[in-house]
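Here is what each chain is made of, one letter per residue.
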Amino acid sequence: MKDSKYVLDHYHLRKYVKILTAHLGSLDEPADIEKPLWRYIRRGKKKFVIELIDFAIEITPTESKKKSMKDAKRYILNNWEGINNLFGEEKYRCSAEGHISHILSDRLSSRPMGWSLIGADEMARMRAYKANGGSIKEYYRNQRIEKKNEERILELDKRVVNRVKRTYNNIDPDIMIDMPYITKTEGRWLKNMLSNSSF
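For clarity, every value in this text was computed on a predicted model and none was experimentally measured.

Peer 1: Describe the overall build of the protein chain, and please don't skip the residues or the numbers.
Peer 2: In terms of helices and strands, the protein chain carries ten helices and zero strands. Mapped in sequence order, the helices and strands of the protein chain form the string α-α-α-α-α-α-α-α-α-α. By residue count, 19% of the 199 residues in the protein chain fall in the buried class. Summarising the internal contacts of the protein chain: among those between residues at least 6 apart in sequence, 53% fall at separations of at least 24. Looking at the protein chain as shown, the accessible area adds up to about 15,800 Å², and 53% of this sits on carbon and sulfur atoms.

Peer 1: Account for a nonpolar patch on the surface, naming residues and giving values.
Peer 2: A cluster of nonpolar residues, Tyr129, Tyr139 and Tyr140, forms a patch on the protein surface that exposes about 280 Å² of accessible area. Position of Tyr140 relative to the elements: it lies in helix H8 (residues 136-169).

Peer 1: Explain the pattern of salt bridges to me, using residue names and the numbers behind them.
Peer 2: Overall, the coordinates contain seven salt bridges when judged by the stated rule. Note that Lys18 is salt-bridged to Glu34, the shortest N-O span being 3.5 Å. Of this pair, Lys18 sits in helix H1 (residues 10-21) while Glu34 sits in helix H2 (residues 34-43), placing them 16 residues apart in sequence. Across the salt bridge formed by Arg159 and Glu155, the nearest N and O atoms sit 3.7 Å from each other. Taken together, the residues Arg159 and Glu155, both in helix H8 and four residues apart, mark about one turn of the helix.

Peer 1: Can you break down the environment of Ile59 residue by residue, with the values?
Peer 2: With respect to the secondary-structure elements, Ile59 resides in helix H3 (residues 46-59). Assessed through its relative accessible area of 27%, Ile59 is described here as partly exposed. If sequence neighbours within four positions are ignored, Ile59 has contacts with Leu24, Leu27 and Ala31.

Peer 1: Outline the packing of H3 against helix H4 (residues 63-78), supporting the account with residue identities and numerical values.
Peer 2: Where H3 contacts H4, the two axes come as close as 10 Å, and the packing angle between them is 170°. Looking at the two axes, H3 sits roughly antiparallel to H4. Contacts between H3 and H4 involve Lys46, Ile50, Ile53, Asp54, Ala56, Ile57 and Glu58 from the first element and Lys66, Met69, Lys70, Lys73, Ile76 and Leu77 from the second. Here the contact of H3 with H4 is built from residues that sort into seven nonpolar, no polar and six charged.

Peer 1: Mind laying out the packing of aromatic side chains, listing which residues take part and the relevant values?
Peer 2: On inspection of all chains with the given rule, the structure shows four aromatic pairs. For the ring pair Tyr40 and Phe48, a centre distance of 5.1 Å and an interplane angle of 25° mean the geometry is stacked. Overall, the relative accessible area of 23% leaves Tyr40 in the partly exposed class. Classification of Phe48 by relative accessible area gives partly exposed; the value is 37%. Consider the rings of Tyr129 and Tyr139, whose centres lie 5.4 Å apart with planes at 55°: the pair is tilted. Taken together, the positions of Tyr129 in helix H7 (residues 117-131) and Tyr139 in helix H8 put the pair ten residues apart, joining distant regions of the chain. Among the aromatic side chains, those forming a connected cluster through ring pairs are Tyr129, Tyr139 and Tyr140.

Peer 1: Go over the environment of Gly88, please, and point to the residues and values.
Peer 2: Relative to the helices and strands, Gly88 resides in the loop between helix H5 (80-86) and helix H6 (96-108). By relative accessible area, which is 24% here, Gly88 ends up partly exposed. Gly88 sits 46 residues away from Arg42 along the chain, and the two C-alpha atoms are 8.3 Å apart.

Peer 1: Could you give me a rundown of the nonpolar core, with the residues and numbers involved?
Peer 2: Counting residues in hydrophobic clusters, the biggest one holds 23 residues, and the most contacted among them are Leu13, Leu37, Ile41, Ile76 and Ile83. At the level of secondary structure, the elements contributing two or more residues to this core comprise H1, H2, H3, H4 and H5. If one sorts the elements of this core by residue count, H3 sits on top with five residues. The contacts of Leu37, once residues within four sequence positions are left out, are Val17, Leu20, Thr21, Val49, Leu52 and Ile53.

So, how was this worked out
- Residues numbered from 1 in each chain as written.
- Predicted model: local features only at pLDDT ≥ 70, side-chain atom pairs only at ≥ 80, totals over all residues.
- Heavy atoms only, no water.
- Helix = DSSP H or I, 4+ residues; strand = E, 2+ residues; numbered from the N terminus.
- Buried < 20%, exposed > 50% of the residue type's maximum accessible area, 1.4 Å probe, protein only.
- Contact = heavy atoms within 4.5 Å.
- Areas by Shrake-Rupley, 256 points an atom, 1.4 Å probe, with all protein chains shown as cover.
- Patch = residues over 30% accessible without salt bridge, like charges linked within 9 Å, V, L, I, M, F, W, Y side chains within 5 Å.
- Salt bridge = Lys/Arg side-chain N within 4 Å of Asp/Glu carboxyl O.
- Axes fitted to C-alpha atoms, helices over the stretch in contact; angles between N-to-C directions.
- Parallel < 35°, antiparallel > 145°, perpendicular 65-115°, else oblique.
- Nonpolar A, V, L, I, M, F, W, Y, C, P; charged D, E, K, R; others polar.
- Phe/Tyr/Trp six-rings, centres within 6.5 Å; stacked < 30°, edge-to-face > 60°.
- Core = buried A, V, L, I, M, F, W, Y, C linked by side-chain atoms within 4.5 Å.

Written out as structure tokens, the structure reads:
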């Protein structure tokens, strides 16, 4: 989008920083890198961020945890531009996660419900429409009016088609089939062929 900037939301950044740091305090030789990691992230010091993450991965004993940490590192580096924009001179605020939780998850996933793709899409659109100040009652009233108008148009089309059918069904086929070119000289071969045929 023109003149737009990609900004990583704080929620996901915090989530991946936690993956990198939450277990370090419970190691045999604990390490606390969370505060310095956040400091380097906020200042845009990519080199130091990488060094701290690599150190945390190195001192982590289990391979499965190392794998999730490497995934978190990849996520942070792949979104580095969005992180820089998040902590840049211009301050951005976004409540996307809160809106998703309040508007969508509350109805679609927080309670044990089953949804088809179409049903989930319709429900999401309806709740977003209502949250933006739309009236569901007015929306469905307009939908009903549009549907009735469409039905009237289809009924009118059907009547016109039936009227045309009745008109042509009452016409003698010999009169209806008009082939003027068989009366002209250049169409004589066709006239002769039709005259000699059984049609």
